[in-house]
Amino acid sequence: MKIIADENMPYVEQVFADIGEVSLVNGRQLSAEQLEGADVLLVRSVTQVNAQLLAHNDSLKFVGSATIGTDHIDAQLLAQKGIPFSNAPGCNAIAVGEYAFIAMLELAAMTGSSLKQRTVGIVGAGNTGSQVARCLEAYGVKTLLCDPVQAASGDSREFHTLDELIASCDVISLHVPLTKGGIEPTWYLLDEARLSALKPDAWLLNCCRGEVIDNRALFRVKQQRADLKLVLDVWEGEPNPMPELVPLVDIATPHIAGYSLEGKARGTTMLHSALSQVLNIEPENKLDGLLPVHVFSRIKLENQPDEGALLQLCRLIYDLRDDDRKFRANYALAGGFDQLRKNHTHRREFSALALVKGSGFEVDWLTKLGFSGASL
Ligand SMILES: NC(=O)c1ccc[n+]([C@@H]2O[C@H](COP(=O)([O-])OP(=O)(O)OC[C@H]3O[C@@H](n4cnc5c(N)ncnc54)[C@H](O)[C@@H]3O)[C@@H](O)[C@H]2O)c1
Ligand SMILES: O=C(O)[C@H](O)[C@H](O)COP(=O)(O)O
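Since this is a predicted model, take the numbers as computed values, not measurements.

> So what exactly am I meant to see when it comes to the site of ligand 2 here?
Close contacts around ligand 2 come from N8, R44, S45, V46, T67, I68, G69, N92 and G258, and that covers them all. Residue classes in the shell around ligand 2 are distributed as two nonpolar, six polar and one charged.

Here you go:
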């Protein structure tokens with residue numbers, strides 16, 4: 001089988017070797033000509049899978065996207081053509097949860113305040129939003145959820161409206177899909193009125209899709225409100241973020257919140273399972289043994305970590321300041337945004353680090369946060 005895959009899909013050649021020959025391509029530049037004769041197409045979020053891309057192909061048997069978001073896929077077209085499609089729901093949810101949690105710890109350190117004193121509003125309580133909530137709750141931070149879609153479907157968690165969250169939360173973290181239609185569209189969900197209504201000294205994080213915030217309105221509001229702190233991993237108009245906005249953002253990264261090695265590997269192996277099902281092949285667990293050990297495999301805790309020590313511990317796994325520095329230096333260069341993503345040194349998830357504790361204190365909350373071996 002001829003498999004065309006995005007070059008930014010770790011382990012894809014290894015994982016799919018039993019099904020066919022994998023050719024790696026630049027996902028943003030993939031053309032209809034390159035796709036001619038392919039049986040399988042494996043993409044990431046930068047490839048628009050539409051009629052133009054499929055124009056010269058009549059052999060596709062499967063399209064997979066190793067992502068959570070599907071706003072780059074013309075699902076109706078694939079259905080019309082009878083081409084099975086699968087994305088990888090939840091594959092990078094832990095990575096996004098940990099990114100948002102670490103970003104909040106970094107903001108607390110930057111502002112000389114404490115994350116624990118804040119109430120965090122999570123907008124979109126699906127896979128990624130729930131992982132943010134899990135991290136915050138493990139650490140003892142109060143969270144409020146907004147998800148009218150889950151609420152209407154009978155989810156038993158307690159939900160609030162977006163405007164209630166904006167009125168009462170010190171932090172707002174966005175985790176919704178980008179939708180233009182439907183009953184709860186998210187395009188410009190945070191418009192100028194809502195941005196202006198954020199509480200004094202509020203923090204706003206966007207780890208979902210750039211266009212969920214009106215970036216021009218954000219620029220105007222932030223010019224008037226130095227008290228607001230911003231974490232943007234996603235930008236309106238990627239790969240070209242608004243250059244005037246970047247200096248006003250406190251933590252800025254190139255759409256890599258989900259880029260843990262574990263998350264990307266899960267995305268690849270989930271697509272292998274989905275394709276195996278389509279081809280009626282017995283699915284294998286391909287994730288075992290794929291990932292290397294972390295450079296710090298074990299850390300001994302001598303005391304209960306306070307917020308400062310927790311941040312130091314998190315930085316052993318992922319020092320967000322490195323990505324922020326690289327972003328500011330490179331995003332405006334030609335192709336800079338995509339190069340940052342392509343050359344991203346995949347971080348690990350908390351679970352890659354095993355904690356060993358001294359006696360006389362409990363660290364179960366660190367296990368709940370995701371670290372391994374805390375009870376040893
Ligand atoms: N920055 C990154 O690297 C990165 C990584 C993963 C996902 N994402 C983006 O984040 C989005 C969310 O990911 P997920 O895995 O949590 O998806 P998900 O489908 O599991 O959850 C999304 C949740 O948003 C809710 N929702 C929909 N419209 C809403 C609205 N108007 N208000 C409040 N809630 C609403 C849905 O009911 C759902 O529960 C993805 O669609 C993707 O675009 C970004
Ligand atoms: O939707 C997703 O899963 C994320 O936005 C994902 O991390 C995007 O990464 P990409 O596919 O662009 O490499």
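> Hey, could you run me through the site of ligand 1 in this one?
In the region of ligand 1, 32 residues are neighbours, and G69, G124, G126, V149 and G258 sit closest. Where the shell around ligand 1 is concerned, the elements lending two or more residues are helix 4 (93–111), helix 5 (127–139) and helix 6 (148–152). Split by residue class, the shell around ligand 1 holds 16 nonpolar, twelve polar and four charged.

> Which parts of the structure should I look at to understand the domain arrangement of the chain?
One frequently used descriptor of interface size is the decrease in accessible area upon assembly of the parts. One can read the domain layout of the chain as domain 1 (2–87 + 260–279), domain 2 (93–252) and domain 3 (298–369). Inter-centroid distance (C-alpha atoms) of domain 2 to domain 3 is 20 Å. The partner domain 3 presents 19 residues to the 22 residues of domain 2 that form the contact. Elements supplying a minimum of two residues to the side of domain 2 that touches domain 3: helix 4, helix 5 and strand 11 (251–252). Ranked by residue count, the leading element in the side of domain 2 that touches domain 3 is helix 4, at nine residues. For the side of domain 2 that touches domain 3, a count of residues per class yields 17 nonpolar, one polar and four charged.

> Any chance you could explain the packing of helix 4 against helix 11 (residues 307–317) here in plain terms?
Geometry of a packed helix pair, given as the angle between the helix axes and the separation of the axes. In the contact formed by helix 4 and helix 11, the axes pass within 10 Å of each other and the chain directions differ by 130°. It follows that helix 4 is oblique to helix 11 by the angle criterion. The way helix 4 lies across helix 11 gives a crossing that is left-handed. Contacts between helix 4 and helix 11 involve I102, L105, A108 and A109 from the first element and E307, L310, L311 and C314 from the second.

> Looking at this model, I keep getting lost on the pairing of strand 6 (residues 119–123). Mind explaining?
Remark: a regular strand shows side chains that alternate across the two faces of the sheet. Within strand 6, four of the five residues are buried, which leaves it mostly tucked inside the rest of the structure. Sheet topology note: the strand 6/strand 7 (residues 142–146) ladder contains five bridges and is parallel. Paired with I122 across the two strands is L145, which belongs to strand 7. Tracing the backbone out of strand 6, into helix 5 and back to the parallel element strand 7 gives a crossover that is right-handed. With four bridges joining them, strand 6 and strand 8 (residues 171–174) adopt parallel strand pairing. By the bridge assignment for strand 8, V123 is matched with L174.

> Would you mind showing me how to read the nonpolar core here?
Proteins that are soluble and globular tend to have nonpolar side chains buried together. By size, the foremost hydrophobic cluster in this structure holds 76 residues, and its most contacted members are A100, A103, M104, I172 and C207. Two domains each provide a minimum of three residues to this core, namely domain 2 (93–252) and domain 3 (298–369). Apart from the residues lying within four places of it in its own chain, the contact partners of A103 are L205, V231, I251 and L320. Counting 27 residues, the second-largest nonpolar core is a separate cluster that includes V49, L60, V63 and I73.

> Which parts of the structure should I look at to understand the sheet that holds strand 4 (residues 62–65)?
Backbone-to-backbone hydrogen bonds join strands into a sheet, with any given pair of strands oriented parallel or antiparallel. On the basis of which strands lie adjacent, the open sheet formed by five strands has the order 2-1-3-4-5 and parallel pairing. The sheet is open, and its two edges are formed by strand 2 (21–25) and strand 5 (85–86), each paired on a single side. Where strand 3 (residues 40–43) meets strand 4, four bridges bridge the pair, whose relative direction is parallel. Opposite V40, over in strand 4, you have F62 as the bridge partner. Running at roughly 160° to strand 4, helix 10 (residues 261–278) makes contact with strand 3, strand 4 and strand 5 of the sheet.

> Explain helix 5 here, please?
Every α-helical turn comprises 3.6 residues, leaving residues that sit three or four positions apart pointing alike. The first and last C-alpha atoms of helix 5 sit 19 Å apart over 13 residues, in line with the 18 Å expected at 1.5 Å per residue. Within the sequence span of helix 5, burial applies to T128, G129, Q131, V132, A133, C135 and L136. Along its buried surface, helix 5 packs onto helix 4, strand 6, strand 7, strand 8 and helix 14 (364–369). Backbone geometry just after helix 5 places G140 at a positive phi near 95°.

> I would appreciate a short explanation of the pairing of strand 1 (residues 2–6) in the present structure.
Extensive coverage of strand 1 is indicated by the burial of four of its five residues. Both strand 1 and strand 2 contribute to a ladder of five bridges, which runs parallel. In the strand pairing of strand 2, I3 is matched with V22. Note that strand 1 and strand 3 share three bridges and pair parallel. Counted as the bridge partner of I3 is V40 from strand 3.

Rules behind the numbers
- Residues numbered from 1 in each chain as written.
- Chains lettered and ligands numbered in written order.
- Predicted model: local features only at pLDDT ≥ 70, side-chain atom pairs only at ≥ 80, totals over all residues.
- Near = placed C-beta within 6 Å.
- Nonpolar A, V, L, I, M, F, W, Y, C, P; charged D, E, K, R; others polar.
- Helix = DSSP H or I, 4+ residues; strand = E, 2+ residues; numbered from the N terminus.
- Domains from an automatic or database assignment.
- Contact = placed C-beta atoms within 7 Å.
- Axes fitted to C-alpha atoms, helices over the stretch in contact; angles between N-to-C directions.
- Parallel < 35°, antiparallel > 145°, perpendicular 65-115°, else oblique.
- Left-handed = near helix turned anticlockwise from the far one by under 90°.
- Buried ≥ 20, exposed ≤ 12 C-beta atoms within 10 Å, placed from the backbone.
- Pairing = 2+ DSSP bridges.
- Right-handed = clockwise from strand over helix to strand, strands pointing away.
- Core = buried A, V, L, I, M, F, W, Y, C linked by C-beta atoms within 7 Å.
- Expected span 1.5 Å × (residues − 1).

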